[in-house]
Structures are given as C-alpha cells and as structure tokens.
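# Remarks on the overall topology
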Amino acid sequence: MRSKKFISATLSIALAALMVGAGQAPASAADKTITFGVPGLPPSQGNPFKEGPGTPGIHTYAAVFDALTRVDRKGIVRPRLSILWKLKNSTTWRFTLRKNVKFSNGEDFNADAVKATIDFLTSEAGRKTTIGSTELPGVTGAQKISDYVVDITTNKADAIFPAKMAGIYIVAPKAWKDADQDIVKASAVGTGPFKYSSISTTRIEMSAVNGSWRSPKSDKLVLIPLKDSASRLQALQSGQVNIVTGINPDQIGAAKRSGAQVKAIAAPQVMSLAFLSTKTGPTSEVKVRQALNYAVDKEAIAKSLLAGKGKAATQGTTPSVYGYNAAVVGYPYNPTKAKELLAAAGYANGLTISADITVGSFPSDDLIYQSVKSDLAKVGVTLNFTTITFGQWLPQYNANSWKGDAFGLSWNSAPRGDASRPYEIFVCKAVGAFYCDSTEDALVKKAATELDSKKRLAILKDIAVKVTASAPALYIVEQIDLYATGKGVRGFSAENRSIAYEKIFLK
C-alpha cells in the first residue's frame, strides 16, 4: 500500500508539471478550450500508423483523423468517410466516399487520398508500421474508380473488411508525401474536427478546424498526460482539466462530490498477463499456464477493484464482441486444481516467474496486478513485476524481445468489435509470436475468409474454446472505461474508446 506521504508528493509533482506545461490555468468556458487529462500520450506523438488503434493513441487520433467506417457499441459497421460499401468479388470491396470533405490543410478528401493511404500501408515502409503489419496484412492495393469511388483488394476473401477499415485513418496525401513521416506536425493531417498546433512529450495542443465536416463546438483541445489516477482526479477536482479518463472505481464518489459526472462504459477488452510460450521456460508448459489461471480469484478482483462494473474474464473476448462464446467458462478460481497442475508439470515446490507490465491506463490496473501476484503466491508461485512505459512496451511486443516469462497484454477487439482481431493478432503473430498453435491458427485463417455469417460465427466460437484451453494468457477481467467530466462540460460521448470530440463544449 502506498503511503499518504508518497501519494501527496506524487500529486504535487504531477500538478506542478501540469501548470508549468500550461504556462497558466486552462482557459475559461468563454475561451472554449477543452483540457483532457489522460494516462499517457501516444509514443509516436501523432503518427496514426505507428501503433495500434487503442490506448493511448486513440485519445489523440480520434480528434484529428477519420477512417472510412466506424463500428458502434453493438458491433454494427456505420458510415464515416465512406457512405456505402459492397463486395464486388471475393477479394474486392468497393467504397463510395463522402463528398465535400477536406483535410485540415485544405486538401480534398477523395479516392486519391484513400489510395495514397493504402499505397503507403502496403509499401515496404508501411509494412514496418504496426497498422500496416497487424491491421491490414492481407491488403494488396487500391484502385481509383472515380473521384469518390475506390476499390480495395485483398489477397484472399475477407469477411469483415469494412469493420477492419474502422481502424485505418486516412491522411492528407500531399502533406504525407512531402514530409518526413517522423515529423508528425507536418505529415499527420486528417479530416477530423481538430488539427495539431503543438506536440511534445508532455502536452498536445490542437485547434478547431473551421469548416470541418465534423464541425467542433470548442475552439481548442489540450491533452495532458497525468500518469496516475489520483493526480488525474485531483486535476479534475481543482479545475485544472475538464475531462479525465482512467480513474478508479473507488474514486467515483469523490469525483461526484466535486460536481463531476462519471461515465462507466464496458470496454471490448480483456486485461491479461500473456505468457511467453514460444520460448523455453515454465510458461511454455500448458499445465503451468492453466494452473496460473486457476490460481487467481478473478470474480473477487472484478467485484472489489472494479466495483462490480467489470467482470471476471473467461476468454480473450467480451460479451459485446461478435464471436464471444458464452459456453466457455474459462478457469474458475480453484487453487487446489492449480497446485495439482503445477505438481504434474514438475513444480510441486512452486516456481518464480517475471513479467513486464504498464499501469495507469485502465481502472485499478495496478491494484489488479497486485491481487494477481497475491493469489499466485498462495499456490507457491512468486511473480515479480517490472513496470515499464507503453513506449518501452511497444517495441518489445513487436519484436517479442521480452526477457521474462510474461507481459501485460490487452485482448482488444476494438475498433472492429469482432473476436477476429485479438485472435488474428495474438495467435501465431506474424513477427515475434509469443504464442502459436498451428490448429488454432488454421481456424483463425478459416474464419477470416468465411463469407457465410453463421458458419463464421461457429468457427469463432470454436476458436474461443480451443485458445482458452491452451491458456496463452492469464485472463483476468473484462475491463471498463471510466470517464469523468467536470462542471460545465456538455456533449461528452465515447464509443469503442473513440471520443466524439466535435460534440463537446463548455457551458
């Protein structure tokens, strides 16, 4: 347990940094500036292709960029920059684009812009990005049919390609071509309601895009990283920020007492510890991986640390995700079974494992990891954590260069709202696989090309059974997203973690 003195010092440092970064207190409502306290800024700072379509990048990118589609919280694909799509043949999807849309630098949005984005992501340089390598590995190219119609081709049938396009932001082609792609202020130009004004590792400032097709109700948007939930809550209570994300459930009461509104939204994400099963060591043994799952009381964690708003995870997807299998019960708390499996694997006297984790991004994540550690200790397993930043986590994940036995991992089904996303990415990952089973991989590939929806759903449910039995990760909880908005904030909404920034204003 952290001491009150330590927490107080942390808060003082965090708020001091906030004030120094701002130079002054956030603007008043009359200035129409929204200030958002977030757990962290994207390591790439503004390049939408260098990391996946999740946190922390989504908090920045949702304000600047748009994709061709979006997926609502019920898993239905909705229009965005594309207003219509249809399957032309088994490997070609035709998208009809929205007219009268411009990028924030004045460039026209049209089929040329979509083709330029796809051309980059399928190039040698694009394939080295996270988006090009993991989100669109099967895309082979794009062809302009007319100014507002474009065909995108894949190397094989892709049953849910329109949903996948919800995670692919379209960039202004001339700005992207002319600028060094690492100079994000010059190259990262989108069609969203805001554009970058200044970017640093401690602050991102954006200004409204006049004439945006998603016309914003605020003049400015400022994102400031505040690493722990306590500093974010205090910043909200003191009026230093207008909105925060990632507060803990036990802070909801304090937030409401200060006049804040709190929104709890079920996230399409499972919090886990992924095991290094492709390397020699204890976690390469399936019995060990299963034992570690049985050893943790996930129901108690969800009830006590997520205030009953989250649930114990049974598999790598959540109930709102297409392909979730309600028949899979996962690994109910059974420490006796855990000890039996450990003994059968040759670890009757226990074992020690290590894991790299990031904390501060999701409700109670640090406390959840500590509860996992405590439960494992009860069956003779010593778990040693090393806390790292997301910027340190990402390259290790991409290369599978972990030194230990496990690492913190989110089984995230957003933005496509489909079980295929975590399974395609985590089962036999193309580069640096931490887990791989050829039978399961074959099923994942079969689901990707099955165009019959009933057959495809049956395959996804079968995958859930088999992957869960293999226990590639210690599935902990179905996470939640907690947002708190301060006095006077109106119009806040979020879907699949994408905040509708254009609707937010101060009253």
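## A short note on the overall build of the chain
In terms of regular secondary structure, the chain is built from 17 helices and 21 strands. Across its three principal axes, the chain shows a C-alpha extent of roughly 65 × 60 × 35 Å. Expressed as a percentage of contacts within the chain between residues at least 6 apart in sequence, the contacts between residues at least 24 apart total 69%. On the chain, roughly 20,600 Å² of surface is accessible, and the fraction owed to carbon and sulfur atoms is 51%. Across the chain, the 62 positively charged side chains and the 41 negatively charged ones have centroids separated by 5 Å.

## Notes on helix 8 (residues 229–237)
Listed as buried for helix 8 are Ser 229, Ser 231, Arg 232, Leu 233, Ala 235 and Leu 236. Taking the backbone nitrogen of Ala 230 as reference, a side-chain oxygen 2.9 Å away marks Asp 228 as the first, capping residue of helix 8. Looking one or two residues beyond helix 8, the residue adopting positive phi is Gly 239, at roughly 85°.

## Digging into the sheet that holds strand 4 (residues 82–89)
In spatial order, the strands read 4-5-7-6; together these 4 strands make up an open sheet with antiparallel pairing. Of all the strands in the sheet, the pair left with one neighbour each is strand 4 and strand 6 (139–146). Strand-to-strand twist of the sheet, defined as the mean angle between neighbouring strand axes without regard to direction, takes the value 20°. Both strand 4 and strand 5 (residues 92–97) contribute to a ladder of 6 bridges, which runs antiparallel. Following the sheet pairing, Asn 89 is matched in strand 5 by Thr 92.

## Some words on unusual backbone geometry
Following Ala 414, the chain continues to Pro 415 via a peptide bond in cis, the omega torsion being 0°. You can see Pro 415 is positioned in the loop between strand 16 (406–412) and helix 15 (420–426). Residues other than glycine seldom take positive phi values, yet Ala 307 does so here, at roughly 55°. Within the fold, Ala 307 resides in the loop between helix 11 (298–305) and strand 13 (311–312).

## Describing the nonpolar core
One finds Leu 68, Phe 109 and Ile 152 to be the most contacted residues of the largest nonpolar core, which totals 59 residues. A total of 6 residues in this core trace back to one element, the largest contributor, which is helix 3 (residues 111–121). Setting aside chain neighbours within four positions, we find Phe 109 in contact with Leu 68, Leu 81, Leu 97, Arg 98, Val 101, Lys 102, Phe 103, Val 114, Tyr 148, Ile 170 and Thr 191.

## Quick look at helix 11
Three or four residues apart is the spacing at which side chains of an α-helix point the same way, because the helix has 3.6 residues per turn. Of the residues making up helix 11, those classed as buried are Lys 298, Ile 301, Ala 302 and Leu 305. The buried residues of helix 11 occupy one face: seen down the axis, they fall within an arc of 100°. What points out from helix 11, more than 90 degrees from its buried face, is the exposed set Glu 299, Lys 303 and Ser 304. Buried positions along helix 11 lie against helix 10 (286–294), strand 13, helix 13 (365–377) and strand 17 (473–485). Backbone geometry just downstream of helix 11 places Ala 307 in the positive-phi region, at approximately 55°.

## A word on the confidence of the model for the chain
Confidence in the prediction of the chain, expressed as mean pLDDT, is 90, and 92% of residues score 70 or more. In this model, residues 1–29 is a region of pLDDT below 50 whose contacts with residues beyond four sequence positions or in other chains number 32 contacts.

Cut-offs and rules
- Residues numbered from 1 in each chain as written.
- Predicted model: local features only at pLDDT ≥ 70, side-chain atom pairs only at ≥ 80, totals over all residues.
- Heavy atoms only, no water.
- Helix = DSSP H or I, 4+ residues; strand = E, 2+ residues; numbered from the N terminus.
- Contact = heavy atoms within 4.5 Å.
- Areas by Shrake-Rupley, 256 points an atom, 1.4 Å probe, with all protein chains shown as cover.
- Lys, Arg positive; Asp, Glu negative; His and termini not counted.
- Charge placed at Lys NZ, Arg CZ, Asp CG, Glu CD.
- Buried < 20%, exposed > 50% of the residue type's maximum accessible area, 1.4 Å probe, protein only.
- Polar contact = N/O pair within 3.5 Å; in protein donor to acceptor, adjacent residues only side chain to side chain.
- Pairing = 2+ DSSP bridges.
- Axes fitted to C-alpha atoms, helices over the stretch in contact; angles between N-to-C directions.
- Core = buried A, V, L, I, M, F, W, Y, C linked by side-chain atoms within 4.5 Å.
- Arc of directions from axis to C-beta.
- pLDDT = per-residue confidence, 0-100.

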